[in-house]
Amino acid sequence: MTNPQIGNMLLGSIELFCLSAEHGSFTRAAMHAGLTPAAVSRSISRLEERLNVRLFSRNTRSIQLTTSGRAFLQHCRSALDQLREAEREIGGHQAEASGKIRLSVPTTYGHHRVLPLIGEFLAQHPKVQIDIHVGNRNVDLISDEFDLAIRARTPPDSSLIARHLEDAELVIVGSPLYFARHGRPDTLADLNKHKCINFILPSTGRPSPWLFKSDGVIQNVVEHSDYSVMDDVLAGITLAKSGVGLFQTMAFTVTEDLRSGALETVLDDYSGCTRPFYLLYPQSRHLPRRVRLLIDFLVAIAPENKKGLDVSV
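Here the residue numbers are simple positions, counted from 1 along each chain's written sequence. Whole-chain, interface and lining totals are the exception, using all residues; otherwise, since this is a predicted model, local features are given only for residues with pLDDT of at least 70 and side-chain atom pairs are given and counted only at 80 or more. To get the side-chain values, take all heavy atoms of the structure and skip hydrogens and water.

**Concerning the overall build of the protein chain**
Line of reasoning, step 1. Going along the chain from the N terminus, every DSSP run of H or I of four or more residues is numbered as a helix, and every run of E of two or more is numbered as a strand. Secondary structure summary: the protein chain contains nine helices and 14 strands in total.
Line of reasoning, step 2. Summary of the burial criterion: residues with accessible area below 20% of their type's maximum are buried, those above 50% are exposed, and those between are partly exposed, where the area comes from a 1.4 Å probe applied to protein chains only. In the protein chain, which comprises 313 residues, the share counted as buried stands at 42%.
Line of reasoning, step 3. Of the contacts formed within the protein chain by residues at least 6 apart in sequence, a portion of 74% connects residues at least 24 apart.
Line of reasoning, step 4. In short, Shrake-Rupley with a 1.4 Å probe defines the accessible areas, and a residue's cover is counted only from the protein chains shown. Here the protein chain displays about 16700 Å² of accessible surface, and carbon together with sulfur accounts for 51% of that area. Whether two residues are in contact is decided by their heavy atoms, any of which lying within 4.5 Å being enough.

Have a look at this one:
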């Protein structure tokens, strides 16, 4: 029969391992746990001996997770989250969500859809903390340790669940200053005579195609590029507002600029194309209640107020 104390010892070692990884130090982990650094070091050594792997690389000044240590940390955090969730549920504390959520959002959707309303979610759940990565790099939810990500286009990763948020209308915009200098294009062929600003996709290093609808058929066109921007789509909008050229973007990113007259749309006869946005999360991962609540919140604030559609992609 297995000694029941082994289970308790293992759980304690796992908690000390996670503390050490979080603080990057046995000494700081010991301070938080109320132990001596030597006790923490011995506990980690016993855990390494049990697993027959080295979890940390050590020197006299610091500790650093090994490749095996990083992989083990992901499993440990998930397991401890599930245990805490079960404890709260059984103990009757399920009503109040708590803990940290890591969310990655693109610059456009982050600034115009999520960030202005995230305070409302935090007001509803004051014990939840959110770390938000705002950028257009496609993070790996597992290796980069994110709970959720919002991205345009469905990803190729079949291990993710994609929950549809909206189909964002695309528009071509330019400033009154630009049109005064260069005129307005009336047909797609006219774009060859105009200065165009392209956005370089981080995933491919290539320009994002401009989408048009003509006679009900969607045309996927890579416009000639006088100028291009990388990493931040909003930079293309800023360039367009300053009179540099034409830019295709989601209509929701330029609502105020169109209302104020800082930007104007062109080629409206070829409009009607959209770009989808999805909320992504691993389908195999246990979702703590705080994450499920944020999923429901993000779906509810989507412009079309959809219930969301779960699809494997």
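After presenting the structure, the write-up continues.
**Notes on the pairing of strand 4 (residues 128-134)**
Line of reasoning, step 1. A pair of strands counts as paired when DSSP detects no fewer than two bridges linking them. Pairing geometry for strand 3 (residues 99-105) and strand 4, over seven bridges, is parallel. Bridged to Arg102 within strand 4 is Asp131.
Line of reasoning, step 2. Between the parallel elements strand 3 and strand 4, the chain passes through helix 5 (residues 107-124) in a crossover that is right-handed. Assignment of crossover handedness uses the view with strands pointing away from the viewer, where a clockwise path from the first strand over the helix to the second indicates a right-handed crossover.

**A word on the packing of aromatic side chains**
Remark: the centre distance and the inter-plane angle together describe each pair of aromatic rings, the angle taken between the planes.
Line of reasoning, step 1. Any two of the Phe, Tyr and Trp rings considered here, Trp counted by its six-membered ring, make a pair once their centres fall within 6.5 Å; the pair's planes then place it as stacked at under 30 degrees, edge-to-face at over 60, or tilted in between. Applying the stated rule across the entire model yields nine aromatic pairs.
Line of reasoning, step 2. Look at Phe26 and Phe56: their rings are 5.6 Å apart centre to centre, the planes differ by 90°, and that puts the pair in the edge-to-face class. Remark: Phe56 occurs in strand 1 (residues 56-58) and Phe26 occurs in helix 2 (residues 26-33); sequence separation between them is 30 residues.
Line of reasoning, step 3. Taking the relative accessible area as the measure of exposure, Phe26 reaches 11% and is therefore buried.
Line of reasoning, step 4. The positively charged end of Arg102 is found above the aromatic ring belonging to Phe146, 4.2 Å away from the centroid.
Line of reasoning, step 5. By definition here, charges over rings are those cases where NZ of Lys or CZ of Arg is within 6 Å of the ring centre and within 35 degrees of the ring normal. Against the face of Phe179 rests Arg184, its NZ or CZ located 4.5 Å from the ring centre.

**Focus on the environment of Gly174**
Line of reasoning, step 1. Relative to the elements of secondary structure, Gly174 occurs in strand 6 (residues 160-174).
Line of reasoning, step 2. Residue Gly174 is classed as buried on the basis of its relative accessible area, which comes to 0%.
Line of reasoning, step 3. Once the C-alpha coordinates of Gly174 and Ala240 are considered, the two residues, 66 residues apart in sequence, prove to be 5.4 Å apart.
Line of reasoning, step 4. Apart from residues lying up to four places away in sequence, Gly174 is in contact with Phe179, Ala240, Gly245, Leu246, Ala262, Leu263 and Glu264.

**Looking at helix 2**
Line of reasoning, step 1. Those residues of helix 2 that fall on the buried side of the exposure criterion are Phe26, Ala29 and Ala30. Take helix 2 and look down its axis: the buried residues cluster within an arc of 100°, on one side only. Turned more than 90 degrees from where helix 2 packs its buried face, Met31 and His32 sit exposed.
Line of reasoning, step 2. The distance from a side-chain oxygen at the start of helix 2 to the backbone nitrogen of Thr27 is 3.1 Å, and the residue carrying that oxygen is Ser25.
Line of reasoning, step 3. Of the residues flanking the end of helix 2, it is Gly34, one or two places downstream, whose phi is positive at about 75°. Here, the arc refers to the directions that run from the helix axis to the C-beta atoms. By the criterion applied in these results, polar contacts are pairs of N or O atoms within 3.5 Å in which, for protein atoms, one can donate a hydrogen and the other can accept it, and in which residues neighboring in sequence qualify only through two side-chain atoms.

**So, the side chain of Arg290**
Line of reasoning, step 1. Within the secondary structure layout, Arg290 lies in helix 9 (residues 289-301).
Line of reasoning, step 2. At 3.2 Å, the side chain of Arg290 forms a polar contact with the backbone oxygen of Ser98.

**Side note on the packing of helix 5 against helix 9**
Line of reasoning, step 1. Axes here refer to lines fitted to C-alpha atoms; in helices the fit is confined to the stretch in contact. Angles between the N-to-C directions go from 0 to 180 degrees. With their axes 11 Å apart at the nearest point, helix 5 and helix 9 run at an angle of 125° to one another. The orientation of helix 5 with respect to helix 9, classified from their angle, is oblique. Crossing of helix 5 against helix 9: the hand is right-handed. Each of Arg113, Val114, Leu117, Ile118, Glu120 and Phe121 in helix 5 lies in contact with helix 9, whose residues at this interface are Arg290, Leu293, Leu294, Phe297, Leu298 and Ile301. Between 65 and 115 degrees an angle is taken as roughly perpendicular, under 35 as roughly parallel, over 145 as roughly antiparallel, and anywhere else as oblique. The sense of a crossing depends on the near helix, which, turned anticlockwise from the far helix by less than a right angle, makes the crossing left-handed and, turned clockwise, makes it right-handed.

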